[in-house]
Amino acid sequence: MSLTLGLLVPKIALVLEAFMRHKILLFLFAFVPFGALAQIDRVMPDVLRLNSTIVVHGNGFKDEKGQWNLVFSGTLHVANEEKKVSFSLPLVRVNNKELRAPLTREFVDNIGLDGGVFEGVVKVVAPSASFEKQVKLTIFPKDILWALVKIVGFASPTSTLPPLWALIVAYVILALFILLAVFSLFAGVASYAERRIAGRMQNRIGPNRVGPQGFFQWIADGVKCLLKEDFIPPKGLRLLFRVGPYFPMIGVVLTLVTLPFGQFLAVSDLNVGVYYVFAVTGFTVVGILIGGFASANKWALLGAFRSAAQIVSYEIPSGLAVATIVVVAGSLGFSTIIERQGGFPWEWFLFNDPFTFMAFFLFFVASLAEGNRTPFDLPEAESELVAGYNTEYSGMRFVFYLFAEWGNLYIMGALVTALFLGGWQIPGVSYAVQAQSPWLIVLGWLIFTLKALFIVFVVIWLRWTLPRIRIDQLMVLCWVYLVPAGCILLLGSALFNGFAPSAVKVIVKALMTLFGALVVFAFFHKTYKTLKQGYLEFYPNPFV
Amino acid sequence: MGIKRFIRGTYQSAKTIYEGMVVTFANFLRKPITIQYPDRTEKPVVEMLPERYRGILEVDINICTACKLCENACPIGCIFIGIEKRDKVRGMTEFAIDVGKCMFCGLCCEPCPTGAIRMTREFEGATDNLDNLVLRFIKDGDFIEPAKAKAALETPTPPRGKIAREVLSQNLEKTAVA
């Protein structure tokens, strides 16, 4: 009797409250006992990473005051041993059908740094009822810190995490290192590498006097630019002029934050990595427009307009090409995209189907246009510089614009590698095996860097192969050729990858790989024939 | 119609870019043709010039017969030979060539009976002081007796260029700023 009353009183209170708030539906539901309709359909995701949120899909989760909890009780299989676990996480009710629980550090502490496979019962404990489901989840809390810990080796794998301040210091140091040292060094060395490569492609040597093989040429250039007079056009806008060069640099440096340099070596592995990269490269446009406008030079302004139009137009085919890949990978996050690829060339997305093959070239061309590289370098070309956005810039400000451009080279290379060329996957080594060993992670980083540097080499190579195209040819190329092609590729890729039987997919993959190998072989064969009939001897040694 | 143009345009650009890249890559693998003058050449630079290159003049004063044919032949008049008689002996006190005025035509070398005046393969005379380009082949105060023509033809002579180099470097040392 008292039990019935005990259950009835809250129900009546609820009804009255709903009635007072005119929540008719809730009023109706109030007469239904909680446990009858509520159930859990699914607990997502199957693989829990550190930045993921557990989502419980179901039905009938009523809006109740009080703390909801998610209780795990079962066994955790870690490597060869089993551990009994039982702990709870606070839940947040989103709506009638969904509950969310973000993973916390205490949760990871409980599970241990290596994670494992959890098999057991997951119980949603609401203030008035509880319901459960048997699940099997893989918990994978490995992230950049785990990788660092393993590589540096100062903590044993199953110990708990270091204190929060140490984590913050480690993250900041790593972020600073990647963003400042790697980026600036790369930009400088890229300028030197570009001049040497350009020289060899033009039958000459390139800078070779300042330091061994001319390696310190970029330092000499930097020092020279620092010592130049800082001239700001008197009629220009001082503040905007000074602030202008930093925007492209911000755009480039922010992109580095999500790039996956190695298996867990991303400064911040966002779920929406690709989307973030596109959002952040918009800073470049702002910087160019500011530079042109603040110069008090109408031709610089026109050049800035043209350049901004170019960058903005080419973001569309770029996005369409990436969407083609996202359709195949199933996620916007970089780590998932790379995870779905493999180490061998036939496992890359490049040779997955003809649509992604074309998407590679589409994305590559659009990246060249985004980065103001030849053949799309009208805004900053040496012979057209009088009408470009950096006409009035001299000294270090000019060098900042150039820094952003060379840094963008690496971003281009890294993006292309991550999306199309299999990222840091090692041929023959699966994702799980690579995750266990820090040496394989370092090897994966090396492979990623080599692939990205190869793409950088191809970009430099194209600069000294192709003539510049005019602004109207540029626009026609984008809107008449690339955008329709991108749309068709996206549609084709979605249909093919969604509905083709897997046997067809495998055959298509094999054919595409064969085609790719044929193209590469034909290229080298033609190079060999050209070398044979030339009068200069074959001299692959870069150190003349 | 539009689609055909699209496909044709795409195919043609891809093909031409591919062929262009083959050319550039082949050149990338070839030996550069730069001659890294002046310090990293394979042979000394003067040896890379032809044998009869008309460079800076030099005079081997030991076989000069003081006939003054070269002085008269020079169209510009940059050769000056000073002749004196001391103790009834005729001799030369000065033999100066102003290489700054010289036009390297070689007309002075043609009439010389012994080949004392000749053109060398030297060309590196750049200096900041024009006086350095007046090459004096007889030191101050010397009195050189001219050689006999027949005997001079038998006398061995230093290799071409040695005397010119010596005189040029002596000039540079004299006017060098410490």
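None of the values given here were measured: they were computed from a predicted structure. Here the residue numbers are simple positions, counted from 1 along each chain's written sequence. Written order determines the labels here, with chains lettered from A and ligands numbered from 1. Only residues with pLDDT of at least 70 get local features here, since the model is predicted, and only at 80 or more are side-chain atom pairs given and counted; chain-wide, interface and lining totals rely on the full set of residues.

## Looking at the overall build of chain A
Then, number 1: Numbering of helices and strands runs from the N terminus, with a helix taken as a DSSP run of H or I at least four residues long and a strand as a DSSP run of E at least two residues long. When helices and strands are tallied, chain A shows 19 helices and 8 strands.
Then, number 2: Burial analysis of chain A (544 residues in total) assigns 37% to the buried set. Exposure classes come from backbone-placed C-beta atoms, where a residue is buried if 20 or more other C-beta atoms lie within 10 Å of its own, exposed if 12 or fewer do, and partly exposed in between.

## Structural notes on the overall build of chain B
Then, number 1: Counting secondary structure elements, chain B contains 4 helices and 5 strands.
Then, number 2: What the globule rule says is 2.2 Å times the number of residues to the power 0.38, and the radius of gyration is computed from C-alpha atoms. On C-alpha atoms alone, chain B measures out to a radius of gyration of 27 Å, which is more than a quarter above the 16 Å that the 2.2 N^0.38 rule sets for 178 residues.
Then, number 3: Residue burial in chain B is summarised as follows: out of 178 residues, 21% are buried.
Then, number 4: Residues are treated as contacting if the C-beta atoms built from their backbones sit within 7 Å of each other. For chain B, the proportion of contacts with a sequence separation of at least 24, taken over those separated by at least 6, is 80%.

## Observations concerning unusual backbone geometry
Most peptide bonds take the trans form, and the phi angle of most residues other than glycine is negative.
Then, number 1: For the peptide bond that leads from B:Tyr37 to B:Pro38, omega is 0 degrees, which places it in the cis range.
Then, number 2: Checked against the element boundaries, B:Pro38 lands in the loop between helix H1 (2-28) and strand S1 (57-59).
Then, number 3: Although it is not a glycine, A:Asn372 adopts a positive phi angle of roughly 55 degrees.
Then, number 4: Among the structural elements, A:Asn372 can be located in the loop between helix H14 (354-370) and helix H15 (396-420).
Then, number 5: If you check the backbone angles, B:Lys88 has positive phi at about 65 degrees while not being a glycine.
Then, number 6: Note on placement: B:Lys88 falls in the loop between strand S2 (79-86) and strand S3 (89-98).
Then, number 7: Since 5 C-beta atoms lie within 10 Å of it, B:Lys88 is described here as exposed.

## So, the confidence of the model for chain A
Low pLDDT means the predicted coordinates in that region are not meant to be read closely.
All names here are of chain A.
Then, number 1: The predictor reports its confidence for every residue as pLDDT, a score running from 0 up to 100. Mean pLDDT over chain A: 82, with 84% of residues reaching 70 or higher.
Then, number 2: Mean pLDDT values over the elements of chain A span from 48, in helix H2 (residues 24-29), up to 94, in H14.
Then, number 3: Contacts of residues 29-33 to residues separated by more than four positions or lying in other chains number 6 contacts, the stretch itself having pLDDT below 50.

## A word on the packing of helix H9 (residues 246-255) of chain A against helix H11 (residues 283-293) of chain A
Residues and elements named next belong to chain A.
Then, number 1: Between H9 and H11, the shortest axis-to-axis distance is 7 Å and the interhelical angle comes to 170 degrees. The pairing of H9 with H11 is recorded here as roughly antiparallel in orientation. In this structure, H9 uses Phe 247, Pro 248, Ile 250 and Gly 251 to contact H11, whose residues at the interface are Phe 283, Thr 284, Val 286, Gly 287, Ile 288 and Ile 290.
Then, number 2: When residues are sorted by character, Ala, Val, Leu, Ile, Met, Phe, Trp, Tyr, Cys and Pro go into the nonpolar class, Asp, Glu, Lys and Arg into the charged class, and all the rest, Gly among them, into the polar class. Classifying every residue of the contact of H9 with H11 by side-chain character gives 7 nonpolar, 3 polar and no charged. Orientation is described by lines fitted to C-alpha atoms, with helices fitted over the stretch in contact, and by angles between N-to-C directions that extend from 0 to 180 degrees. Working definition: roughly parallel below 35 degrees, roughly antiparallel above 145 degrees, roughly perpendicular at 65 to 115 degrees, and oblique for all remaining angles.

## Structural notes on the interface of chain B and chain A
Then, number 1: The partner chain A presents 23 residues to the 19 residues of chain B that form the contact.
Then, number 2: Residues belonging to the side of chain B that touches chain A are distributed by class as follows: 11 nonpolar, 6 polar and 2 charged.

## Remarks on the sheet that holds strand S5 (residues 134-136) of chain B
Residue and element names in this part refer to chain B.
Then, number 1: DSSP-based pairing: two strands are paired if at least 2 bridges between them are found. Spatially, 3 strands are ordered S2-S3-S5 in an open sheet, and the strand pairing comes out antiparallel. Pairing within the sheet leaves two strands with one partner each, and these edge strands are S2 and S5. Strand-to-strand twist in this sheet, taken as the mean axis angle between neighbours without regard to direction, amounts to 20 degrees.
Then, number 2: In the sheet, S3 pairs with S5 via 3 bridges, with the strands oriented antiparallel. Its bridge partner being in S5, Ala 96 is matched across the sheet by Arg 136.

## Topic: the environment of A:Val399
Then, number 1: Looking at where A:Val399 falls in the secondary structure, it is placed in helix H15.
Then, number 2: When neighbours within four sequence positions are excluded, A:Val399 is seen to be in contact with A:Gly222 and A:Cys225.

## As for H14(A)
Residues and elements named next belong to chain A.
Then, number 1: Over its 17 residues, H14 runs 24 Å from end to end, which matches the ideal 24 Å to within 8%, given 1.5 Å per residue.
Then, number 2: Counting buried residues along H14, 13 of its 17 residues qualify, which places the element largely inside the surrounding structure.
Then, number 3: Directly beyond the C-terminal end of H14, a positive phi value near 55 degrees is found at Asn 372. Multiplying one less than the number of residues by 1.5 Å gives the expected span of a helix.

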